[in-house]
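Structural characterization, general
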Amino acid sequence: MAKLTILHFPDPRLRTRARPVPAVSADIQRLAADMLETMYAAPGIGLAATQVGVDQRLIVVDVSEKGNEPRVFINPEILARAGTETMQEGCLSVPGVFEEVERAASVRVRALDGNGQPLEFDADGLLAVCIQHEIDHLNGKLFVDYLSELKRQRIRKKLEKEQHAARSAERGAAPAI
Amino acid sequence: MSRESPRALAARVLATVWQGARLDEALRQAVRLDYPARDAALVRELCYGTLRFEPRLEFWLTGLLKRPLEAREPELHALLLLGLYQLSEMRVPPHAAIAETVEACRHLFKPWAVQLANAVLRRFQREQAHLMTELPQHEAAYYAHPRWLLERIRQDWPDHWREILAAGNQRPPLTLRVNRLRRTRAALLVELAAAGIAAQACGFSAAGVTVLEPFDVRTQPGFAAGHFSVQDEAAQLAAELLEVHAGMRVLDACAAPGGKTCHLLECCPQAQLLALDNDAGRAQKIHQNLQRLGLAAEVKVADATQPDTWWDGRPFERILLDAPCSASGVIRRHPDIKVRRRPEEVSALVAMQAQMLAALWPLLASGGKLLYVTCSLLAEENAAQVDKFLAAHADARALPIAAHWGVASPPGRQILAGESRMDGFYYACLHKA
């Protein structure tokens, strides 16, 4: 297993529309395992392949309190949506930003699991929000796209500044202690 | 997708408090209902605790840093303080406290600060025993109060200042006030016991119940049904002192959120009560409380110092003036006062209190009673304020308060913070000739 590098907004690769997974091969299973490891280490509750620069329709999710219920969804699709719910979301590709987003309160989902078995189920609450957030990634969409243009620009500036600060720190600026 | 880590979220809440926000308000906005309950409890504990010990944590942090943090890094500053709070006061295993706090740097997207946070917290852990032994030599840090407030409390209470400051660092008890129109105190105690909540009757307030293990009152059905409210015992003493009788015209001049207003009506529902507050948002809370408790009063959004804008010219037989004050008596409940309150604000509050007393006195009927209340411990806002008023008003005299609570602080009576587990309150009863 290996931890993967997560791309950060406004990296253009986050705007890729991912291609369907043709077959659940050993490579795909290794990718899912690496993505789970990356998600837990971040820490996050969901991660899409697009976020680690892989052009495949694959997401991993764990919304349990203890972080012991990993789920893998391959080629996930939303068949139906109902209701609306507003929740505060954050994204591993937009670190340090947490904003409210309105989404469907419940969704019917079809996907393959990590072994290639077909699944169809209803999700609500945090799981529904998380699945919609991750499927958005596979379509090149980010949660900041739901915010106002002004807010998105502010976030972009803040992140570019922090990324710059991080690069200068790596170049060896002396710590304050 | 990610959710904010409790430590990163607490650091962001604390940063807004340093920018002037009230802690309870900042927490309400930041900790949303969908945030996991256990994490929400940790965020509250980190915020309240860090502010409660802020002067001490700040002193340590200054010593641990080779050079001060940039002023533009309030979140990182808050994160380091709450790291020190966990190591010095919380029962979190130190390695977990350090690892999680350092990790929160990434959540705040300050990965460049990881090394700094790690170094500060580990150095504190190494030097903790030594730092603790030298703490008594640094008063503001030792007593964990801002220097100016410490000096003023020592000056005003030369025999009690240490106990007062110690009380300011305590966690407050949860005290309830039974709505005697709907329940007896004995019945409420039975209901709480049945719900597994240990509680006992208060010693001074006939309506008071102290809960030994604080709980979320909203989980108890009697709360929504208006059987009880949350109110410190010291604040419950106002209703008894004011002696409201049926049919009396009563003014509650700074009423929001309506705790004392409602208590007055629970004692005497036939009173004609006018509740004022100059903040429309807070006045809304008076309506909510009246409704929940099944009480009726007239509520106006108005400035108590400008009676010509709201007074109908008919005198009041009772006036409750719960004046805006430094809140130095309720620091244990609102530890953000330690960082938000500035000494110059106290002078402005003292002027405001004098203005309110002078503006409301003409509205009091002859033979009527005005109860002056603060949740302050500072003489300037209390005894000295009322003395000044009495000297300027020949038709005013202070009624003695015969009580077993508090200490005499003529012309009124002072409850010292922490005394019989109560908040610090000042009461003076003024009678009009």
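Quick caveat, the model's predicted, so the values are computed rather than measured.

1. Topic: the overall build of chain A
- When you go through chain A residue by residue, the secondary structure sums to three helices and seven strands.
- Taken from the N to the C terminus, the helices and strands of chain A come in the order α-β-β-β-β-β-β-β-α-α.
- At 17 Å, chain A has a C-alpha radius of gyration in line with the 16 Å of a compact globule built from 177 residues.
- Expressed along its principal axes, the backbone C-alpha trace of chain A runs to roughly 55 × 40 × 30 Å.
- Taken over 177 residues, chain A has a buried fraction of 47%.
- When the accessible area of chain A is evaluated, it comes to approximately 8600 Å², of which 49% is carbon and sulfur surface.
- Positive and negative charge centroids in chain A, built from 23 and 25 side chains respectively, lie 6 Å apart.

2. Observations concerning the overall build of chain B
- On a plain count of helices and strands, chain B comes out with 18 helices and 13 strands.
- Its C-alpha radius of gyration of 23 Å places chain B within 12% of the 22 Å reference for a compact globule of 433 residues.
- Projected onto the principal axes, the alpha-carbon positions of chain B cover approximately 70 × 50 × 40 Å.
- Expressed as a percentage of the 433 residues in chain B, the buried residues total 56%.

3. Details of the packing of helix α13 (residues 233–242) of chain B against helix α14 (residues 259–267) of chain B
Residues and elements named next belong to chain B.
- Packing of α13 against α14 leaves a shortest axis separation of 9 Å and a crossing angle of 45°. Regarding the angle of α13 to α14, the classification is oblique. Crossing of α13 over α14 shows right-handed handedness. Of α14, the residues touching α13 (which contributes A235, Q236, A238, A239 and L242) are K260, H263, L264 and C267.
- Along the lines of polarity and charge, the residues of the contact of α13 with α14 split into six nonpolar, two polar and one charged.

4. With respect to the side chain of B:N382
All names here are of chain B.
- Among the secondary structure elements, N382 is positioned in the loop between β9 (364–374) and α18 (383–392).
- By relative accessible area, which is 1% here, N382 ends up buried.
- Within the structure, N382 has its side chain in polar contact with the backbone oxygen of S376 (distance 3.0 Å).
- If we ignore the near neighbours within four places in the chain, the residues touching N382 are T374, S376, L377, Q414 and Y426.

5. Points about the packing of helix α5 (residues 74–89) of chain B against helix α7 (residues 114–134) of chain B
Residues and elements named next belong to chain B.
- Packing of α5 against α7 leaves a shortest axis separation of 10 Å and a crossing angle of 40°. Regarding the angle of α5 to α7, the classification is oblique. The chirality of how α5 crosses α7 is right-handed. Every residue of α7 that contacts α5 at L76, L80, G83, L84, L87 and S88 is listed here: L116, A117, V120, L121, F124, Q128 and M132.
- Classifying every residue of the contact of α5 with α7 gives 10 nonpolar, three polar and no charged.

6. Some details on the sheet that holds strand β3 (residues 71–82) of chain A
Residue and element names in this part refer to chain A.
- Reading across the sheet, the five strands line up as β1-β2-β3-β6-β7 and stay open at both edges, with antiparallel pairing between neighbours. The open sheet has two edge strands with one neighbour each: β1 (46–48) and β7 (118–124). Shown here is a sheet whose adjacent strand axes are inclined to one another by a mean of 40°, direction ignored.
- On top of the sheet, helix α1 (residues 26–41) reaches β1, β2 (58–61) and β3; it is set at about 40° to β2, its chief contact.

7. What about helix α2 (residues 125–138) of chain A?
Residues and elements named next belong to chain A.
- For α2, spanning 14 residues, the distance from its first C-alpha to its last is 21 Å, which sits close to the expected 20 Å at 1.5 Å a residue.
- Extensive coverage of α2 is indicated by the burial of 13 of its 14 residues.
- Positive backbone phi, at 80°, marks G140, one or two positions downstream of α2.

8. Thoughts on the confidence of the model for chain B
- Across chain B, pLDDT averages 95, with 100% of residues at or above 70.
- Model confidence for the complex: the whole-complex pTM is 0.86, and ipTM, which rates the interface, is 0.85.

9. Focus on the domain arrangement of chain B
Residues and elements named next belong to chain B.
- With domains assigned, chain B is organised as domain 1 (6–138), domain 2 (174–230) and domain 3 (233–432).
- On a C-alpha basis, the centres of domain 2 and domain 3 stand 24 Å from each other.
- At the interface, 22 residues of domain 2 touch 20 residues of domain 3.
- Carbon and sulfur atoms make up 49% of the area that domain 2 and domain 3 hide from each other, which totals about 1600 Å².

10. Some points on helix α15 (residues 280–293) of chain B
Residues and elements named next belong to chain B.
- The terminal C-alpha atoms of α15, which comprises 14 residues, lie 20 Å apart, in line with the 20 Å expected from a rise of 1.5 Å per residue.
- Here α15 has its buried residues at A283, I286, N289, L290, R292 and L293.
- For α15, the secondary structure elements touched by its buried residues are β1 (174–178), α12 (221–224), β4 (228–230), α14, β6 (272–277) and β7 (298–301).
- N-capping of α15 is provided by D279, with a side-chain oxygen placed 2.9 Å from the backbone N of G281.
- Two residues or fewer past α15, G294 is found with a positive phi of approximately 70°.

11. Overview of the interface of chain B and chain A
- Each side of the interface is counted separately: chain B has 27 residues, and chain A has 35 residues.
- Carbon and sulfur atoms supply 57% of the area that chain B and chain A bury against each other, a total of about 2600 Å² over both sides.
- Among the residues chain B hides against chain A, the three largest losses belong to B:M1, B:R32 and B:F109. Together they make up 35% of the total.
- Inspection of the region where chain B meets chain A yields zero salt bridges.
- Our enumeration of links across chain B and chain A arrives at six residue pairs in polar contact (both at pLDDT 80 or more).
- Within the residue set of the side of chain B that touches chain A, elements represented by two or more residues are α6 (94–107) and α7 of chain B.
- Sorting elements by how many residues they give to the side of chain B that touches chain A places α7(B) first, with five residues.
- In terms of residue class, the side of chain B that touches chain A is made up of 12 nonpolar, three polar and 12 charged.

12. Side note on the sheet that holds strand β2 (residues 199–201) of chain B
Residue and element names in this part refer to chain B.
- Reading across the sheet, the four strands line up as β2-β3-β1-β4 and stay open at both edges, with antiparallel pairing between neighbours. Unpaired on one side and paired on the other, β2 and β4 mark the two borders of the sheet. Neighbour to neighbour, the strand axes of the sheet diverge by 30° on average, direction disregarded.
- Here three bridges tie β2 to strand β3 (residues 208–211), and the two strands are oriented antiparallel to one another. Across the sheet, the residue bridging to A201 is V209, located in β3.
- Together, β1 and β4 form the strand contacts of α14, whose direction differs from that of β1 by roughly 35°.

The rules we used
- Residues take numbers from 1 onward in each chain, read along the sequence in its written order.
- Following the order in which they are written, the chains are lettered starting with A and the ligands numbered starting with 1.
- Per-residue local features of the predicted model are confined to residues with pLDDT of at least 70, and side-chain atom pairs are confined, for both listing and counting, to 80 or more; whole-chain, interface and lining totals are unaffected and use all residues.
- Excluded from the side-chain calculations are hydrogens and water; all other atoms, namely the structure's heavy atoms, are used.
- Elements are defined by DSSP. Helices are runs of H or I of four residues or more, strands are runs of E of two residues or more, and each kind is numbered from the N terminus.
- The globule rule is 2.2 Å times the number of residues to the power 0.38, and the radius of gyration it is compared with is taken over C-alpha atoms.
- Only protein chains enter the accessibility calculation, which uses a 1.4 Å probe. A residue is then buried if its area is under 20% of the maximum for its type, exposed if over 50%, and partly exposed in between.
- For accessible areas, the Shrake-Rupley method is used with a probe of radius 1.4 Å. Any residue's cover is judged against the shown protein chains and nothing else.
- A positive count includes Lys and Arg, and a negative count includes Asp and Glu. His and the chain ends are not counted in either.
- Charge placement uses NZ in Lys and CZ in Arg. For Asp and Glu, CG and CD serve respectively.
- Every angle, taken between N-to-C directions, lies between 0 and 180 degrees, and every axis is a line fitted to C-alpha atoms, over only the stretch in contact when it is a helix.
- Comment on the angle field: the value is read as roughly parallel under 35 degrees, roughly antiparallel over 145, roughly perpendicular from 65 to 115, and oblique elsewhere.
- Whether a crossing is left-handed or right-handed is set by the direction in which the near helix is turned from the far one by less than a right angle, anticlockwise for left-handed and clockwise for right-handed.
- Note on contacts: a residue pair is in contact if any heavy atoms of the two residues lie within 4.5 Å.
- Under the convention adopted here, Pro, Cys and the residues Ala, Val, Leu, Ile, Met, Phe, Trp and Tyr are nonpolar, Asp, Glu, Lys and Arg are charged, and Gly plus all remaining residues are polar.
- Definition of a polar contact: a pair of N or O atoms within 3.5 Å, with one able to donate and the other able to accept a hydrogen when the atoms are protein atoms, and with sequence-neighbouring residues admitted only if both atoms are side-chain atoms.
- Paired strands, in this sense, are two strands between which DSSP finds at least two bridges.
- A helix is expected to span 1.5 Å multiplied by its residue count minus one.
- Scored from 0 to 100, pLDDT reflects the predictor's confidence in each residue.
- Start and end points for every domain follow an automatic or database-based domain assignment.
- Note on definitions: buried area is the accessible-area loss of two parts on being combined, 1.4 Å probe, summed for both.
- A pair is scored as a salt bridge if a Lys or Arg side-chain nitrogen falls within 4 Å of a carboxyl oxygen belonging to Asp or Glu.

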